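# Residue-level structure breakdown
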Amino acid sequence: MKVHDFQFFTFETFVIQLVILLIILWVLNKFLFKPYLAYLDKWEENQKKLEQDYKNIDKLIKEAEEKKQEILAQARQKANSIISDAEEMAKTKKSEILEDAEKEAKSLISSAKQEIEKEKLTMLNQIKAKLIDLILKFNRKLFSEEKINKAFVEKELASIK
């Protein structure tokens with residue numbers, strides 16, 4: 001075997017092939033590998049950010065749920081307070097109304113008793129006046145003279161109650 005049979009493996013072709021390979025590697029590195037690696041780094045960063053956001057969302061959801069429960073508890077407490085205040089006011093108003101009604105009923109009863117007493121006195125006075133007139137008329141008819149005077153009859157009727 002002679003050296004000239006393997007001419008495509010000469011030192012010059014080897015250096016040229018090495019230079020071409022280095023140029024190809026440099027072009028690939030400059031236009032393909034670096035942009036692709038930068039894209040992969042950015043994609044990985046986005047994935048980490050999404051994962052962090054997902055964890056934050058879970059945390060925010062738990063916090064919102066706790067706040068919701070707290071707000072609901074406060075609302076229930078306020079509602080119960082309002083209801084108890086309303087019940088207390090209703091009881092107070094009820095007792096006031098009952099007291100007013102009792103006072104008015106007592107007042108009506110008192111005024112009715114007074115009215116009845118006045119009517120009774122008026123009727124008694126009318127009856128006494130008619131009785132005096134009757135006694136005097138009866139006296140005139142029985143006796144031709146008026147032996148009983150009006151003052152004596154009134155005095156006797158006043159003693160009868």
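Bear in mind that the values here come from a model prediction, so they are computed numbers and not experimental data. (Residues numbered from 1 in each chain as written. Predicted model: local features only at pLDDT ≥ 70, side-chain atom pairs only at ≥ 80, totals over all residues. Heavy atoms only, no water.)

In this structure the tally under the stated criterion is 3 salt bridges. We note a salt bridge from glutamate 44 to lysine 48, for which the minimum N-O separation is 3.9 Å. Taken together, the positions of glutamate 44 and lysine 48, both in helix H1 (residues 11-142) and 4 residues apart, correspond to about one turn of that helix. Classification of lysine 48 as exposed rests on a relative accessible area of 55%. For glutamate 65, the salt bridge goes to lysine 68, with nearest N and O atoms at 3.2 Å. Taken as a pair, glutamate 65 and lysine 68 lie in helix H1 at a separation of 3 residues, close to a single helical turn. Its relative accessible area of 37% is what places glutamate 65 among the partly exposed residues. Residue classification places lysine 68 among the partly exposed residues on the basis of a relative accessible area of 39%. (Salt bridge = Lys/Arg side-chain N within 4 Å of Asp/Glu carboxyl O. Helix = DSSP H or I, 4+ residues; strand = E, 2+ residues; numbered from the N terminus. Buried < 20%, exposed > 50% of the residue type's maximum accessible area, 1.4 Å probe, protein only.)

Our focus in this paragraph is a negative patch on the surface. Together, Glu96, Glu99, Asp100, Glu102 and Glu104 make up a region of like negative charge exposed at the surface. By the element assignment, glutamate 102 lies in helix H1. (Patch = residues over 30% accessible without salt bridge, like charges linked within 9 Å, V, L, I, M, F, W, Y side chains within 5 Å. Areas by Shrake-Rupley, 256 points an atom, 1.4 Å probe, with all protein chains shown as cover. Lys, Arg positive; Asp, Glu negative; His and termini not counted. Charge placed at Lys NZ, Arg CZ, Asp CG, Glu CD.)

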